[in-house]
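# Chains, contacts and geometry: an overview
The chain contents come next:
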Amino acid sequence: MMRRPVALIALCAGLVLSTQALAAELPQRWVSAGGALSEWVSALGGEAHLVGVDTTSQHPESLKALPSVGYQRQLSAEGVLSLRPDVLVGTEEMGPPPVLAQIRKAGVRVELFSSKAELDAVDENLRHLGQLLGAEQQATALATGYRQQLDGLQAEVKQAQVGQKAPGVLLLVGHAGAKPLIAGQGTAGDWLLRQAGARNLAEHQGYKNFSSEALAALDPDVVVFSDRALADEQALQALLKENPALAASRAVREQRLVSLDPTLLVGGLGPRLPASLRTLAGAFYPAAKASFAQ
Amino acid sequence: MLQVEGLHLRRGSNEVLHDIHLQLTPGQVVGVLGPNGAGKSSLLGVLCGELAPGQGRVTLQGRPLTDWAGQARAQRLAVLPQVSSLGFSFRVEEVVAMGRMPHGSGQLRDAEIVEAALRAADAWHLLGRSYLALSGGERQRVHLARVLAQLWPGEQGTTLLLDEPTSMLDPLHQHTTLQAVRRFADRGAAVLVILHDLNLAARYCDRILLLEQGRCHALASPQEVLTPGALKAVFGIDVLVQAHPERGHPLIITR
Amino acid sequence: MKQRVQPRTLIVCLSLLCLLAVWLSLALGPVSLPLFDTLRAGLRLLGLPVAGDDLQQAEMILGQIRLPRTLLGLAVGAVLALSGVAMQGLFRNPLADPGLVGVAAGAAMGAAVAIVGGSWFGGMPDVLAPYLLSLCAFIGGLGVTALVYRLGRRDGQTNVATMLLAGVAMTALGGAAVGLFSYLADDATLRTLTFWNLGSLNGASYERLWPLLMVAGGVALWLPRRARALNALLLGESEARHLGIEVERLKRELVFCTALGVGAAVAAAGLIGFIGLVVPHLVRLLAGPDHRVVLPASLLAGGVLMLFADLVARLVLAPAELPIGIVTALIGAPFFLVLLIRGRS
């Protein structure tokens, strides 16, 4: 009868050893610089590995309790090293390059990810993260699910467009309502609007200031606003107060104003996106709102 | 010894100096008199190389002034400008010691000379004070000590140019300053001094150059130059000229 | 009159402070290294045979991160302070700043071109790419200064007042150009530009250090030779000329040293304010305005102040770090105000 406990112990030891062997290859202590990336790490169950994040990593809320390594483009080599990480993950926006070189030289893996607003980038990022976390299957599932959600949304948007023309929309990014920037072509905001089935009325590149007259002249059907300082209703009041010209637009007359979480616009596509897109699409196509609400 | 011949200077369309001949000889004090705008400071500017003459030449010890290297020239020619704008809190003795810059005479010798120059300018009691804490007249005396130190002890071959050195001084120091300049010349230096006070000029100068609108009205001894006629013609003032009761030099009294 | 510190005492004290600052800069950082390890790693880096296979991390942090950073801080601080002395001498004003001749504005303009328009330089060789920002900043600083100097010249003479006004105008123009580039920039490059404008010693590496060290060494060797001439210049330009100084040459040298020094410093560490203004001023308060003391003392004090500011910058928010321009301004501005108020009473 002695055999069984021995075997059990051996089995346990084997298991422990093998997980340890596995764990030795996988990075245990992570520093993440990039908002969307940190969210994905958390979504893949890797939050416990994070020992530090940058200032753009705001979700989930619990990340804010971690040590901050500063802005992703202005990392400090010694600061990052002081957290004794095994790996530093970030997007190609991460820098400055000499600091990354120093961190690499100190024996820390630096893994770069894409911050492009593209589904393929999300797939690739998830695959890469899954490998690093030892959660490949989970990552594949997450990627597939994400793609399905977005594809499903696209189909619904198409259907909704049968009954209603795509609305002309402006995305305003502001600070307490004052002098909002308008999201133009090539921005993450533009991608968001188009995914949710809107026509972006702004044709310039990047984020730009508009005069309030030009704003009124575009006469959007819907205004999406994203305020960094104030919450939804307050932000709306501030926006209308600072930009009286907007009041004449169709969007305001018909009360078609939607607020958007500004953190969604930074650092590539994150896991919270599909839900937000649904809300947006619901606002763009009121007739089909029920279908988007699912 | 500084010499100018056939000097013409234009500023814009004005001719500010016209055909000036002047020789500063060792041991002599030449006073320059003239109303405002007569060209006194322009003359000094040409003599020290600040202004390039349109015609004529300036020579220092027979060599054109422009041929001299900066340091060698500074060992022989010192200039006291009308106003100086020093905005840093140097000590008095440091300002005076700057006069020794062209020389490599060593710290000990320089310290002796600085003391002698300060005493000569009656500014020795200002030792250790910050230049910025001095009054206008005290500053003027410190700068005088500086240019004296530059040429100390004032041997033959040195030339000193002074632009209104007494403009800010009280009566006592007007005299002590010019006495110091006089003693300097007595040791062999050639001196040119621009003055406004006719009586000071009469007392301390060996020769006087009277300028009128850029032209030389007269260049001779005080007795010959300071006549009621000349002063009426150049300054437009009516004066009596008498001999000084004790010293004999002309004494000018306004009517 | 207030007592002055003896020049020798001041230089000795500043040298000791400088050693202390260097030691602290090498010994302190977000990564806490045991004192003994730091010492041993330091000795190993000096090539001494000290046993220490366990010291890889310490050696890496000391040799690759802290040492270049310390050297960069010393060089930047020294060169900015020396340039401040040169400019205050040139403009004969104790409140002059190295930025007056447009070198900072030019460098900022160059940096903005590099940061925002980096993609326009598509055909550039890869070797140069990492240095594009530094190179553009350096060229911008030098170019604008040359223009300001040129504008201040007439009939073979440099008019310092005209130069000052030209510097003000070029600074405004540079500001407009930076503004325009900020307008053209997207969010991310805008932040890079903002951070660059605040300066940082972060990411110092030897490759970037050498050019600056050479420039700093040149300026530090050259300017003290002109100390007496600078003293004379304070009397006035014509007075200096009468004292045998070749004033035009001196002014050219001062402008050149400043453009080169500030250009290289800004290229290596971004815009760092107040050092060039405060350090010479402070040294003069302590030891008087004689440049034979002011120049070496400012060199040391500039380095010391920079290292202490950098210590604050890297420690106070660790593991993140504060742009050093914020720290120097935070230390410098109130300090300067105190000096002004005390100087007046």
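Predicted model, so just to flag it, every value in this text is computed and none were measured.

### Here we look at the overall build of chain A
The number of helices and strands found in chain A is 12 helices and 10 strands. Expressed as a percentage of the 294 residues in chain A, the buried residues total 45%. Considering only contacts in chain A between residues 6 or more positions apart, those separated by 24 or more positions represent 59%.

### Observations concerning the nonpolar core
Counting residues in hydrophobic clusters, the biggest one holds 187 residues, and the most contacted among them are Ala 117, Ala 145, Leu 148 and Val 191 of chain B together with Val 79 of chain C. Those residues in contact with Leu 148 of chain B that lie beyond four places of it in its chain are Ala 117, Ala 120, Ala 121, Ala 180 and Phe 184 of chain B. Among the nonpolar cores identified, the runner-up in size contains 90 residues, and Ala 198, Leu 239 and Leu 257 of chain A together with Leu 26 of chain C belong to it.

### Focus: the interface of chain C and chain A
Often the size quoted for an interface is simply the accessible area lost on bringing the parts together. Facing the 22 residues of chain C at the interface are 26 residues of chain A. Per-element accounting of the side of chain C that touches chain A gives the leading share, 5 residues, to helix H7 (residues 187–198) of chain C. Taken together, the residues of the side of chain C that touches chain A sort by class into 11 nonpolar, 6 polar and 5 charged.

### Structural notes on the environment of Met 163 of chain C
Summarising the element assignment, Met 163 of chain C is placed in helix H6 (residues 160–184). Among residues more than four places away in sequence, those in contact with Met 163 of chain C are Val 101, Val 148, Tyr 149, Gly 152 and Thr 158 of chain C.

### Concerning the interface of chain C and chain B
In this assembly, 20 residues from chain C lie in contact with 25 residues from chain B. Residue assignment for the side of chain C that touches chain B shows that the elements contributing at least two residues are helix H9 (227–235) and helix H10 (237–242) of chain C. With 5 residues, the single largest contributor to the side of chain C that touches chain B is H9 of chain C. A class-by-class count of the residues in the side of chain C that touches chain B yields 8 nonpolar, 7 polar and 5 charged.

### Here's the deal with the sheet that holds strand E4 (residues 109–113) of chain A
Residues and elements named next belong to chain A. The 4 strands lie next to each other as E2-E1-E3-E4, forming an open sheet whose pairing is parallel. The open sheet is flanked by strand E2 (50–53) and E4, the only strands paired with a single partner. Averaged over neighbouring strand pairs, the angle between their axes works out to 20 degrees when direction is ignored. Where strand E1 (residues 30–33) lies against strand E3 (residues 87–91), 4 bridges are found, and the strand directions are parallel. Residue pairing across strands places Ser 32 opposite Val 89, the latter belonging to E3.

### Section: the environment of Leu 24 of chain B
Residue and element names in this part refer to chain B. Mapped onto the elements of the fold, Leu 24 is located in strand E2 (residues 14–24). As a C-alpha pair, Leu 24 and Leu 161 span 137 residues in sequence and 10.0 Å in three-dimensional space. Those residues in contact with Leu 24, other than ones at most four positions away along the chain, are Met 1, Leu 2, Val 30, Thr 159, Ala 190 and Leu 192.

### What about helix H2 (residues 35–43) of chain A?
Along an α-helix, a turn takes 3.6 residues, which lines up residues three or four apart on a common side. All names here are of chain A. Within H2, 9 of the 9 residues are buried, which leaves it mostly tucked inside the rest of the structure. Those residues of H2 that sit buried are Gly 35, Ala 36, Leu 37, Ser 38, Glu 39, Trp 40, Val 41, Ser 42 and Ala 43. Contacts made by the buried residues of H2 are with E1, E2, E3, E4, helix H5 (119–133) and helix H6 (136–163). Looking one or two residues beyond H2, the residue adopting positive phi is Gly 45, at roughly 80 degrees.

### Structural notes on the environment of Ala 160 of chain A
Looking at the secondary structure, you find Ala 160 of chain A in helix H6. Residues Ala 160 of chain A and Lys 289 of chain A, spaced 129 residues apart in sequence, show a C-alpha to C-alpha distance of 9.1 Å.

### Some details on the pairing of strand E11 (residues 239–243) of chain B
All names here are of chain B. Bridge count between E11 and strand E12 (residues 250–254): 5 bridges; the pairing is antiparallel. Paired with Ala 243 across the strands is Pro 250, a residue of E12. With antiparallel pairing between neighbouring strands as the criterion, E11 and E12 make up a hairpin whose turn holds 6 residues, including Gly 248 at a positive phi of roughly 90 degrees.

### Structural notes on helix H6 (residues 171–186) of chain B
Residues and elements named next belong to chain B. Along its 16 residues, H6 runs 22 Å from first to last C-alpha, staying within 8% of the 22 Å computed at 1.5 Å per residue. Taken together, the buried positions of H6 are occupied by His 173, Gln 174, Thr 177, Leu 178, Ala 180, Val 181, Phe 184 and Ala 185. Axial view of H6: buried residues confined to an arc of 150 degrees, hence all on one face. Residues Pro 171, Leu 172 and Asp 186 are exposed on H6 and point more than 90 degrees away from its buried face. Its buried side turned inward, H6 meets strand E3 (29–33), helix H4 (107–120), helix H5 (136–151), strand E7 (159–163), strand E8 (190–194) and helix H7 (198–204). Count one or two residues on from H6 and you reach Gly 188, which has phi positive near 125 degrees.

### Quick notes on the confidence of the model for chain C
Across chain C, the average pLDDT comes to 88, with 95% of residues at or above 70. Two summary scores accompany this predicted model of the complex, namely pTM at 0.88 and ipTM at 0.92.

Procedures and definitions
Residues numbered from 1 in each chain as written. Chains lettered and ligands numbered in written order. Predicted model: local features only at pLDDT ≥ 70, side-chain atom pairs only at ≥ 80, totals over all residues. Helix = DSSP H or I, 4+ residues; strand = E, 2+ residues; numbered from the N terminus. Buried ≥ 20, exposed ≤ 12 C-beta atoms within 10 Å, placed from the backbone. Contact = placed C-beta atoms within 7 Å. Core = buried A, V, L, I, M, F, W, Y, C linked by C-beta atoms within 7 Å. Nonpolar A, V, L, I, M, F, W, Y, C, P; charged D, E, K, R; others polar. Pairing = 2+ DSSP bridges. Axes fitted to C-alpha atoms, helices over the stretch in contact; angles between N-to-C directions. Expected span 1.5 Å × (residues − 1). Arc of directions from axis to C-beta. pLDDT = per-residue confidence, 0-100.

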